[in-house]
Every structure is written in structure tokens, then in C-alpha cells.
Amino acid sequence: MPYLKGFCWVVVLMMLLTGSPSLFAAAQAAGPSLIRDAEVESVLRDFSTPVFEAAGLHPQSIRIFIVNDPAVNAFVAGGQNIFFHTGLLINAKRADEVIGVIAHEVGHISGGHLARTQDQLNKLSTPQILTYVLGTTTALLLGSPEVGFAILTGGAQLTLQNFLQYSRTQERAADAAAVTILERLKLSPEGLYAFLNTLSISNQWREDGSPYMRTHPTDTERLHFLEKAISQSPYRGTRSTQRQDDQLAFVRGKLKGFLTAASDLKTLPASKSVLDARYARAIADYRERFVDQGRAGMQALITDYPWHTYIYDTIGQLEAMNGHTEKSFTAYQKAYHALPFDALIRLSLGNAYLERAKNEPNAAKKTHVYGSAEEHLGFAAQKEPYNALAWRSLSIAQAGLGKKGLAELSLAEIALQRNDLKQADLHIQRAAIALKAGDEGWIQLQDLRQAQKAAKAEKKRL
Ligand SMILES: [Zn+2]
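Just so you know, these numbers come straight off a predicted model, no measurement behind them. (Residues numbered from 1 in each chain as written. Predicted model: local features only at pLDDT ≥ 70, side-chain atom pairs only at ≥ 80, totals over all residues.)

Undergrad: Break down the overall build of the protein chain for me, citing the residues and quoting the values.
TA: For the protein chain, the count of helices and strands is 22 helices and five strands. Taking all 462 residues of the protein chain together, the buried fraction comes to 47%. In the protein chain, of all internal contacts separated by at least 6 residues, the share reaching a separation of at least 24 is 66%. (Helix = DSSP H or I, 4+ residues; strand = E, 2+ residues; numbered from the N terminus. Buried ≥ 20, exposed ≤ 12 C-beta atoms within 10 Å, placed from the backbone. Contact = placed C-beta atoms within 7 Å.)

Undergrad: Outline the nonpolar core, supporting the account with residue identities and numerical values.
TA: Formed by 109 residues in total, the largest nonpolar core has its most connected members in Phe84, Ile102, Ala103 and Ala412. Excluding residues that lie within four positions of it along the chain, alanine 103 makes contacts with Val51, Ala178, Ile181, Leu182 and Leu192. (Core = buried A, V, L, I, M, F, W, Y, C linked by C-beta atoms within 7 Å.)

Undergrad: A description of the environment of glutamine 333 should follow, citing residues and the corresponding values.
TA: Counting through the fold element by element, glutamine 333 comes out in helix α16 (residues 325-338). We classify glutamine 333 as partly exposed; it has 16 C-beta atoms within 10 Å. In this structure, the C-alpha to C-alpha distance between glutamine 333 and glycine 350, residues 17 residues apart in sequence, is 9.9 Å.

Undergrad: Got a sec to walk through the packing of helix α12 (residues 242-259) against helix α13 (residues 275-287)? Specific residues and values, please.
TA: Contact pair α12 / α13: the axes reach a minimum separation of 7 Å and the direction vectors enclose 35 degrees. Relative to α13, α12 is oriented so that their crossing is right-handed. Here α12 contributes Asp246, Ala249, Phe250, Arg252, Gly253, Lys254, Lys256, Gly257 and Phe258 to the contact with α13, which in turn contributes Leu275, Asp276, Ala277, Arg278, Tyr279, Ala280, Ile283 and Ala284. Partitioned by chemical class, the residues of the contact of α12 with α13 number nine nonpolar, two polar and six charged. (Axes fitted to C-alpha atoms, helices over the stretch in contact; angles between N-to-C directions. Left-handed = near helix turned anticlockwise from the far one by under 90°. Nonpolar A, V, L, I, M, F, W, Y, C, P; charged D, E, K, R; others polar.)

Undergrad: Describe the packing of helix α20 (residues 404-417) against helix α21 (residues 421-434), with residues and values.
TA: Each pair of packed helices can be described by the angle between their axes along with the distance between the axes. Between α20 and α21, the least distance of the axes is 8 Å, while the angle of their chain directions is 160 degrees. Taken as axis vectors, α20 and α21 run roughly antiparallel relative to one another. Relative to α21, α20 is oriented so that their crossing is left-handed. The segment α20 lies against α21, with Lys404, Gly405, Glu408, Leu409, Leu411, Ala412, Ala415 and Leu416 engaging Gln423, Ala424, His427, Ile428, Arg430, Ala431 and Ala434. (Parallel < 35°, antiparallel > 145°, perpendicular 65-115°, else oblique.)

Undergrad: Tell me about helix α14 (residues 291-304), residues and numbers included.
TA: An ideal rise of 1.5 Å per residue puts 20 Å on 14 residues; α14 measures up with 20 Å between its terminal C-alpha atoms. All buried positions along α14 are accounted for by Gly294, Gly297, Met298 and Leu301. Looking down the long axis of α14, one finds its buried residues gathered within 95 degrees of arc, a one-sided arrangement. Turned more than 90 degrees away from the buried face of α14 sit Asp292 and Thr303, all of them exposed. Where α14 is buried, its residues contact α13 and α15 (311-321). (Expected span 1.5 Å × (residues − 1). Arc of directions from axis to C-beta.)

Undergrad: Give a description of the environment of serine 42 that names residues and reports values.
TA: For serine 42, the location among the structural elements is in helix α3 (residues 38-54). As for serine 42 and valine 251, which are separated by 209 residues in sequence, their C-alpha atoms are 9.9 Å apart.

Undergrad: Explain helix α22 (residues 442-461) residue by residue, including any values.
TA: Taking 1.5 Å of rise per residue, the 20 residues of α22 would be expected to cover 28 Å, and the 29 Å separating its terminal C-alpha atoms lies within 8% of that figure. If you check which residues of α22 are buried, you get Gln444, Leu445, Leu448, Ala451 and Ala455. Here the buried residues of α22 occupy an arc of 125 degrees about the axis, which is enough to place them on one side. Exposed residues on α22 whose side chains face more than 90 degrees from its buried face are Ile443, Gln446, Gln450, Lys453, Ala457, Lys460 and Arg461.

Undergrad: Requested: an account of the confidence of the model for the protein chain, with residues and values cited.
TA: In the predicted model, the protein chain carries a mean pLDDT of 82, and 79% of its residues have values of at least 70. Model confidence for the protein chain, summarised as mean pLDDT per element, is weakest for helix α1 (residues 2-19) at 31 and strongest for α14 at 98. Low pLDDT (under 50) marks residues 154-163, which in the prediction has 34 contacts with non-local residues, meaning those over four places away or in another chain. (pLDDT = per-residue confidence, 0-100.)

Undergrad: Run through the environment of aspartate 292, naming residues and quoting values.
TA: Note that aspartate 292 resides in helix α14. Spatially, the C-alpha atom of aspartate 292 lies 9.7 Å from that of alanine 282, the residues being 10 residues apart in sequence.

Undergrad: Which residues make up unusual backbone geometry, and what values go with them?
TA: In this model, lysine 186 sits at a positive phi of 60 degrees, which is unusual for a non-glycine residue. The phi dihedral of arginine 289 falls on the positive side, at around 70 degrees, and the residue is not glycine.

Undergrad: A description of the pairing of strand β2 (residues 63-68) should follow, citing residues and the corresponding values.
TA: Strand direction decides the pairing type here: strand β1 (residues 33-36) and β2, joined by three bridges, are antiparallel. Looking across to β2, one finds that leucine 34 is bridged to valine 67. Strand direction decides the pairing type here: β2 and strand β4 (residues 81-85), joined by five bridges, are parallel. Bridge assignment links valine 67 to a residue of β4, and that residue is histidine 85. (Pairing = 2+ DSSP bridges.)

The structure is reproduced here in C-alpha cells:
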């Protein structure tokens, strides 16, 4: 039942907010931002899912976060939450490097290293890990309605690396676990080795080192262990597939295309052969308002990589950024038809429908368009119950359809996530007036009342 998941988040968020308001304030102030992006998240999920399965963990419960930070790093925190720095993704040359790093991180989970660290963390400052998650919620709530590639400011201070420091013994255990996991995936640890080797070479030239090297102590003994494992592996020489490497290249190109400062966009080179350079250049062309060039670049990529349908989501966003709402709408529709279960794509398409409804003069047609918006936004809110932007957009669609009670419930969801109990009360009361037993939303109303009651009890307890 998706709503229950939302309820858990409400409790977590409340613990955070009421537990440590000063930390919350600090978290809002500055710190690295998180990125929400359907394409990047899906590639990382594709890489992570088999690794989790091979380790006997449930991939459905993994949450993937992308931290906008050029330092090379990846870590697991607060259960099955994997955080990838953009620096790691941009610097990884092959998919098996990323997969190797994930296998090593999963080795820390299955080795119980995280649980012990987590215990220590709980005593020190539980909310700090979860503030990352809160950062997402808060930012989506306060931020602009742009979805697509969104940089969410207001994330936590990057304090995690200070206490997620593993011992050398734990490093060896995680490496051993990674070798086993990779073997189940018919891979040798060559990717992990290549990644660590590159880092340790580049690290010799840097005083501060990368956070990955600080949290995962790497010495020659570790590298020797992996060298030996490679030489003994039946899958020696087996690398990630071309498709996986291309997926990673799309990720690199997207990150470069969107994260490069506007003033530096002209430094992104044009290329006819290198995938990430082509993608980055096409995005840069759109951002520099060379829309025709951008479109031509994207079209060429679609021709060469027809399987990579996430490109339509990117085009949808870039067309919208340039004010071409019809072209944006068409692109989001293509993305949806190729990827009907992606919550972020449904959210983007739902918002595109809202835009159309706003501009539709014919009343009957307007209702029809609001209906489509409601369908897509409802899907997004159910799949991401902590996503305040999905609830907010959904409430607009519901109001447009005259479903006043449901619109109030969606607003109550947001208020509860923010732990604004007064506001939640108001919306729940309004919904209760509009709804009667058996109506659509009646069960949601009862669930929200429960969540509200629990939130009040929790507030009193603290
Ligand atoms: Zn490690």
C-alpha cells in the first residue's frame, strides 16, 4: 500500500524536524545539493539492482541519491540509501568501475559494518544522515516546478564522511564480499581495481585526497588482494557491456551538459564520435539558445542510440526551458510511452498537461486535459509519496476538476511532510466537509487522520 510508505516518511521527517530544529536550519543554509533526474537515477538503478540481488538484498528498498559534488565519492547511509557523487560518475570511464564500487559498498552493508557505524551514528546525530532525504523533500516543496534535471539546493552539510570511516579490516572484508558478488554477476573485480588504482595514483598529487580514499582506506595490500582475485577469476577480462558503458556515457554527458556553468558552455567540445561529448554539446546548445543545433544533436543521438529513450525526457525539459511548450509536451509524451512507470517522467508530463489546461479556452476540453494531468500526477504521488511537488501539482489538477476534497487531501499530505500540523488540520477539516463515506479519497482521509494523530503524539513526546 503506497500510502503507508508516505506515513513512514512523515514520521521520519517529524523526528527530524522536532528532534533538532537547529540542525534543520543549518541544513537549509548551505551544503551540497542533490540532483533529481529520471535518466541518471535509472542508469544507477540498472547498475545497482543486480548487485543488491546478488548480495541477497531487496533492490526495491534501495533509494538512490545523486549528490552534486565534484569530489569522487560514493557511500551507503541510513539503511539501503546509496549516494553517488557526480564526481564519481563523471570520472568513471567504464560501467564496471561503478558496478565494482557499488559491490564494495554493498559489501559494507552485508558485512554489518554499516549497522555498527549506524549505532554510533544514532547516538551522535541520527538526523544528519536523513537530512539528506529531508533536503529533497524541502527543496521539492519550495523549489521551482521544473522537474527533469533538477538541482535541489538546501541539502545537508556533507558531514557524513566524517563518521562513515571504515577500518582497514572492514575494507578487506568489503573487498572480499565484492569479489564474491561480482563473480555471481559474472564479472571480475577489474572495474573496482581500475577505479581504486586511478584514485590512488591521482591521490599522490593531492594533499586532501578524495573523500572516497579517506572513508575507504586504500593501501597496496588492498590492491594486491584485488590483483590476485582478478588473476584467479573465471571472468577475468570480462568487462561491462557496451550498452552499460554507453549508459554511463549518457550520464557523464548529461551531468557535464547541465552542470557546466553558463559562462563555460562554449568550452564543451563538439564531437561526432564521442557519446558523452555529443550529449553534453547538444544540451549546451539548447542552454545557449542554439535550439536548432541542439535539436540536430539530439536527433543524431536518437538515430545512433534508439534504445536510450530517456533522451526524450531531456529534450522535454530543454524545449520547455526555451519556451517551446508544444515540442516539450510531445517529447514528454514520447518519454512516457517508452517509460510508463517512471515517476519523474509522469510528473513532468503531468505538469505539461497542467500548462495546457491553463491555456485551454474550451471548458469541456479543459476538463479533459485536467483529467490527464490528474492521472499522471496521481501516479507520481503514489510512487513517490514524499515528493511534495507531485502532491502540489496533483492538488492543482484535482481543483481544476472540481474535486475539492481530494485537492485538500493532497495539500494535507504536504503539510504533514513539513510537520506543519496546524495547516494539516485545516486541510483535513476542509476535506472532511467535502467528502462522505465511500467517496474517492475517503480512505486517504482516514489514513491522514491517523498520521496526523501520530504526529501530534510524537510532538508531545519530544
Ligand atoms: Zn570501503
